[in-house]
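Chain and residue survey
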Amino acid sequence: MARMVIAVSGTPGTGKSIFARALAKKLGAKVIDLNALIEKKKIYRLDVDGTKIVNLPKMREEFVRAVRASRGPAVVEGLLAHLLPKRYLTHVVVLRTRPRILERRLRARKYSKTKTRENVEAEALDIILWEAVQIHGINRVYEIDATRLKPGATVKLFLDALAYKK
Ligand SMILES: Nc1ncnc2c1ncn2[C@@H]1O[C@H](COP(=O)(O)OP(=O)(O)O)[C@@H](O)[C@H]1O
Ligand SMILES: [Mg+2]
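In short, a report on the structure. (Residues numbered from 1 in each chain as written. Chains lettered and ligands numbered in written order. Predicted model: local features only at pLDDT ≥ 70, side-chain atom pairs only at ≥ 80, totals over all residues. Heavy atoms only, no water.)

Attention now moves to the site of ligand 1. Looking at ligand 1, the residues that line it are Pro12, Gly13, Thr14, Gly15, Lys16, Ser17, Ile18, Arg105, Arg109, Ala146 and Leu149. Between a nitrogen atom of ligand 1 and a main-chain N or O atom of Leu149, the distance comes to 2.6 Å. Considering ligand 1 on its own, with 560 Å² of exposed area, one finds that the protein chains cover 68% of that surface. A per-element tally of the shell around ligand 1 places helix H1 (residues 16-27) first, with 3 residues. (Near = heavy atom within 4 Å. Polar contact = N/O pair within 3.5 Å; in protein donor to acceptor, adjacent residues only side chain to side chain. Areas by Shrake-Rupley, 256 points an atom, 1.4 Å probe, with all protein chains shown as cover. Helix = DSSP H or I, 4+ residues; strand = E, 2+ residues; numbered from the N terminus.)

If you want it as structure tokens, here you go:
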């Protein structure tokens, strides 16, 4: 079987980091934290309001390097994970949260009103899901509404989907 490289994407606050860790544990996979990679390699600039603008070609390059340098299954997580090159990913998970719940979470994380609204709107408009399907095709994209699920249950849902049980 080909090596599994699973991207986990979603709007901030949808539970990517928690899900990725739980999934990797189940699969005995390595986690590639895209945010950490972007920080470490300093492949971003800051715009006027402090938002990170990531250099996407460099991000893809560094990701490919990281994948090639490792063996076995990998889980790569971050809100840009669905923008990674198609030929290096076997599955793309897009985590979803109902906008009203997401709004609460982002406020609890001390996001500004503007940032919270932007993210809640992006979630309501299915932006990441739409981008993921455009790039990877519907057969490789797994949308999971994790609003009411515990991380373990979300992982189980995905593994069941992989096994064609769902
Ligand atoms: N399925 C879930 N149900 C309830 N709370 C969750 C769930 N997944 C994540 N959370 C909470 O939401 C917040 C964001 O989770 P995190 O994994 O950091 O999201 P992301 O990496 O997508 O920004 C955390 O406070 C986490 O405890
Ligand atoms: Mg995270």
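A word on the layout of surface pockets. Taken as a whole, the largest pocket spans an internal volume of roughly 970 Å³. Where the lining of the largest pocket is concerned, the elements lending two or more residues are H1, helix H2 (34-40), strand S4 (52-54), helix H4 (99-108), helix H5 (113-124) and helix H6 (127-136). Grouping the constituent residues of the lining of the largest pocket by class yields 13 nonpolar, 9 polar and 9 charged. Of the volumes computed, that of the second largest pocket is approximately 180 Å³. Lining the second largest pocket are Lys30, Ile32, Asp33, Ala36, Leu37, Lys40, Lys41, Glu62, Arg65 and Ala66. For the lining of the second largest pocket, the secondary-structure elements that each account for two or more residues are strand S2 (30-33), H2 and helix H3 (56-68). For the lining of the second largest pocket, the class distribution of residues is 4 nonpolar, no polar and 6 charged. (1 Å grid on protein atoms, 1.4 Å probe; cavity = no way out; pocket = protein on both sides within 12 Å on 5 of 7 lines; lining within 4 Å. Points joined across faces, edges and corners; volume = space filled by probe spheres on them. Nonpolar A, V, L, I, M, F, W, Y, C, P; charged D, E, K, R; others polar.)

Okay, the packing of aromatic side chains next. Counted by the stated rule, this structure contains 2 aromatic pairs. Ring centres of Phe19 and Phe158 lie 6.3 Å apart, and the angle between their planes is 70°; this geometry places the pair in the edge-to-face category. Within this pair, whereas Phe19 is found in helix H1, its partner Phe158 is found in helix H7 (residues 151-162), the two being separated by 139 residues in sequence. The residues Phe19 and Phe158 share a single accessibility class, namely buried. Centre to centre, the rings of Tyr142 and Phe158 are 5.2 Å apart; their planes meet at 90°, and the pair counts as edge-to-face. (Phe/Tyr/Trp six-rings, centres within 6.5 Å; stacked < 30°, edge-to-face > 60°. Buried < 20%, exposed > 50% of the residue type's maximum accessible area, 1.4 Å probe, protein only.)

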